Amino acid sequence: MFERYLAALEYPAEGGINIDNPKEFRNIVLWLEDQKIRHYTIEDRANLRKVGSSDEWDPAYVKYKLDLKFPTDLKSKSEELTWLFLYAIKLEYSDNVDRYRPVTAARKMDEEKKATAAPEIKSTNPFDNIDFTSADFEDGSRKLAEKLGVAYHPDHLVSLRAAGRVISTQFNKETLKEPIITGKPFPLDEGAGMGFDKEPDMEKAARILRLLQIQSVRKLQTAINETIVSVQNITADPRTDTSLGKVGMK
């Protein structure tokens, strides 16, 4: 029923969506707000993210409809979702006028004919069959990011890329060979301040940056010392080529 709207908003979903499924309906509303409408700030979307709890999500949805000024004559979920889709498409067009202005019905039909005439290539890559926009994939991406300590981002693909970077840098074979650092945590609140006494968050961030800079300088100094030792090992043990020496006088 909503396939054309989903395609227009670049939300490919095989077989469409089942709005009679409460979780599926909540997920598509959340996706529209997260990715297209963005009426709320990230923090204000917290209750809309609780798609597993009707006690918390339903009141949040009622408030959301009031804040978006839904028409009062909408009688069903289908009508409400249709209005949301059209509103999201309107915002998408207004944000990308230059991109969509050249698109006409005739041009779209020509592109579809060319696409159907082109030979179909079947991929053997299993990742090509994954729907990266599905609710299950999005939920899994967020859970993985949480386990790795990655900060929340409204776009789950950004969180997934960050999680991939953490895995590649902190869980590769070479890194895992390094001994685990043990000991007492550094007393971050002690020592000279950074001048942000009235802004605790800025003060803490500045102290952390200072520690990172100290660590970077120490690593550089270690590399310099290792280079000096290597050069000294070469210059302190010269090799003599006796074949070039001469004895006696002409």
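What counts, and at which threshold
- Residues numbered from 1 in each chain as written.
- Predicted model: local features only at pLDDT ≥ 70, side-chain atom pairs only at ≥ 80, totals over all residues.
- Heavy atoms only, no water.
- Helix = DSSP H or I, 4+ residues; strand = E, 2+ residues; numbered from the N terminus.
- Buried < 20%, exposed > 50% of the residue type's maximum accessible area, 1.4 Å probe, protein only.
- Contact = heavy atoms within 4.5 Å.
- Areas by Shrake-Rupley, 256 points an atom, 1.4 Å probe, with all protein chains shown as cover.
- Expected span 1.5 Å × (residues − 1).
- Polar contact = N/O pair within 3.5 Å; in protein donor to acceptor, adjacent residues only side chain to side chain.
- Arc of directions from axis to C-beta.
- Salt bridge = Lys/Arg side-chain N within 4 Å of Asp/Glu carboxyl O.
- Core = buried A, V, L, I, M, F, W, Y, C linked by side-chain atoms within 4.5 Å.
- Axes fitted to C-alpha atoms, helices over the stretch in contact; angles between N-to-C directions.
- Parallel < 35°, antiparallel > 145°, perpendicular 65-115°, else oblique.
- Left-handed = near helix turned anticlockwise from the far one by under 90°.
- Nonpolar A, V, L, I, M, F, W, Y, C, P; charged D, E, K, R; others polar.

Once that is clear, we can look at the overall build of the chain. Along the backbone of the chain there are 10 helices and 0 strands. Secondary structure elements of the chain, listed N to C terminal, follow the sequence α-α-α-α-α-α-α-α-α-α. Put simply, the chain has 250 residues, and 22% of those count as buried. The long-range share in the chain, meaning contacts at least 24 apart out of those at least 6 apart in sequence, stands at 42%. Here the chain has roughly 19,500 Å² of accessible surface; of this, 57% comes from carbon and sulfur atoms.

In this model, helix H8 (residues 156-170) (15 residues) spans 21 Å end to end at C-alpha, consistent with the 21 Å of a helix rising 1.5 Å per residue. On its buried side, H8 packs onto helix H7 (135-147). The distance from a side-chain oxygen at the start of H8 to the backbone nitrogen of leucine 157 is 3.0 Å, and the residue carrying that oxygen is aspartate 155.

Between its terminal C-alpha atoms H7 stretches 18 Å, which fits the 18 Å expected from 13 residues at 1.5 Å a residue. Within H7, the full set of buried residues consists of Phe137, Glu138, Ser141, Arg142 and Ala145. Taken end-on, H7 shows its buried residues confined to a sector of 135°, consistent with a single buried face. Exposed positions of H7 whose direction lies more than 90 degrees from the buried face are Asp136, Glu146 and Lys147. Taken together, the buried residues of H7 touch helix H2 (22-37) and H8. Backbone geometry just after H7 places glycine 149 at a positive phi near 75°.

So, on to the side chain of glutamine 35. Here glutamine 35 lies in helix H2. Classification of glutamine 35 by relative accessible area gives buried; the value is 17%. In this structure, glutamine 35 is in contact with Pro154 and Asp155, ignoring residues within four places of it in sequence.

The next point concerns the pattern of salt bridges. Any two side chains of opposite charge can pair if their charged atoms end up close together. This structure, assessed with the given rule, holds 10 salt bridges. One salt bridge in this structure joins glutamate 138 and arginine 142, with 2.8 Å as the shortest N-O distance. Separated by 4 residues within a single helix, glutamate 138 and arginine 142 lie in helix H7, roughly one turn from each other. Take glutamate 138: its relative accessible area is 13%, and that puts it in the buried class. Taking relative accessible area as the criterion, arginine 142 reaches 15% and is therefore assigned buried.

A separate point is the side chain of histidine 156. Relative to the assigned elements, histidine 156 resides in helix H8. Taking the relative accessible area as the measure of exposure, histidine 156 reaches 4% and is therefore buried. Setting aside chain neighbours within four positions, we find histidine 156 in contact with Phe132, Thr133, Phe137, Glu138, Ser141 and Arg142.

Let us look at the nonpolar core. One finds Ile28, Leu32 and Leu81 to be the most contacted residues of the largest nonpolar core, which totals 26 residues. Of all elements in the fold, only H2, helix H3 (54-68) and helix H4 (77-95) reach the threshold of two or more residues within this core.

Next up on the list: the packing of H7 against H8. For any two helices packed against each other, one specifies the inter-axial angle together with the distance between the axes. As a packed pair, H7 and H8 sit with axes 9 Å apart at the nearest point and diverge in direction by 40°. Put simply, H7 runs oblique to H8. Crossing handedness for the pair H7 and H8: left-handed. Here H7 contributes Phe137, Glu138, Ser141, Arg142, Leu144 and Ala145 to the contact with H8, which in turn contributes His156, Leu157, Ser159, Leu160 and Ala163. When grouped by side-chain class, the residues that make up the contact of H7 with H8 number 6 nonpolar, 3 polar and 2 charged.

A few words now on the environment of alanine 162. Topologically, alanine 162 is positioned in helix H8. Looking at alanine 162, the relative accessible area reads 29%, which means it is partly exposed. For the pair alanine 162 and alanine 145, spaced 17 residues apart in the sequence, the C-alpha separation amounts to 7.7 Å.

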